[in-house]
Amino acid sequence: MSKCFSVILFCILWLTGCASASGPKFSSLTEPETNQAVVYVYRPEQFENSGLYPTVHLNNKPTKNLRNGGYLVFKIAPGKHTVSTVNEGVMKWAVPINPIEFEAKAGEKVFISMLTTYTAGSTYYTGIGTQFASEPGDRRGRFIIVPSDIAAKELTKLNESN
């Protein structure tokens, strides 16, 4: 029984490690170029759904995978933009997340956090006072725009998603 438990625990830790961001550790914010904005899309590290990762879509175009504990940086033109994911199946990404629309201004930095949860029925609180309730066995997520001072602290704990 103990050997079986050890094997299962090893497999879980191995799988979650494979899905974690392993790029360079975050070091500093990227400054936007003239007539551009910068958007950070990040996913705080958490155990729930850690073995799964979505492809982030920017304006309905696939970009990169957003792994657990990871962040992505995009230089974008000013204007309206959408960040989303696509339900890609059980082993890739099956957590429904509504797209988020935002308006970026030249010279601005926009910070978007992707939060996910799989619960037995509870209210999920984020570090910035946002909350959403979930039903038993519910798997869902949400994109939220995060104030720059909070995002800057959260990004220091992350690695670039690869």
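You'll find the structure just up there.
This is a predicted model, so every value here is computed, not measured.

What follows concerns the nonpolar core. Grouped together as the largest cluster of nonpolar side chains are 18 residues, with contacts concentrated most on Val 39, Val 41, Ile 76, Val 83, Phe 102, Ile 112 and Phe 143. Counting only elements with at least two residues in this core, the list comes to strand S1 (37-43), strand S2 (55-58), strand S4 (70-76), strand S6 (100-104) and strand S7 (109-118). Leaving out residues up to four positions away in the same chain, Val 83 has contacts with Val 41, Val 56, His 57, Leu 58, Pro 99, Ile 100, Phe 102, Ile 112 and Phe 143. Residues Tyr 42, Tyr 71, Val 146 and Ala 151 belong to the second largest nonpolar core, which totals twelve residues.

Here we take up the side chain of Arg 43. For Arg 43, the location among the structural elements is in strand S1. Assessed through its relative accessible area of 1%, Arg 43 is described here as buried. Separated by 3.2 Å, the side chain of Arg 43 and the backbone oxygen of Leu 66 make a polar contact.

This part takes up the packing of aromatic side chains. Under the counting rule described, the total for this entry stands at three aromatic pairs. Between Phe 26 and Tyr 40 the ring centres are 6.4 Å apart and the planes differ by 75 degrees, which places this aromatic pair in the edge-to-face class. With Phe 26 in the loop between helix H1 (2-18) and S1 and Tyr 40 in strand S1, the pair connects residues that are 14 residues apart, well separated along the chain. With respect to class, Phe 26 is no different from Tyr 40; both count as buried. With 5.5 Å between their ring centres and 80 degrees between their planes, Phe 26 and Tyr 71 make a pair best called edge-to-face. Of this pair, Phe 26 sits in the loop between H1 and S1 while Tyr 71 sits in strand S4, placing them 45 residues apart in sequence. Assessed through its relative accessible area of 10%, Phe 26 is described here as buried. By the ring-pair criterion, three or more aromatic residues cluster together here, those being Phe 26, Tyr 40, Tyr 71 and Phe 111. One cation-aromatic arrangement involves Arg 67 over Tyr 53; the distance from NZ or CZ to the ring centre is 4.0 Å.

Conventions we followed
Residues numbered from 1 in each chain as written. Predicted model: local features only at pLDDT ≥ 70, side-chain atom pairs only at ≥ 80, totals over all residues. Heavy atoms only, no water. Core = buried A, V, L, I, M, F, W, Y, C linked by side-chain atoms within 4.5 Å. Buried < 20%, exposed > 50% of the residue type's maximum accessible area, 1.4 Å probe, protein only. Helix = DSSP H or I, 4+ residues; strand = E, 2+ residues; numbered from the N terminus. Contact = heavy atoms within 4.5 Å. Polar contact = N/O pair within 3.5 Å; in protein donor to acceptor, adjacent residues only side chain to side chain. Phe/Tyr/Trp six-rings, centres within 6.5 Å; stacked < 30°, edge-to-face > 60°. Lys NZ or Arg CZ within 6 Å of the ring centre and 35° of its normal.

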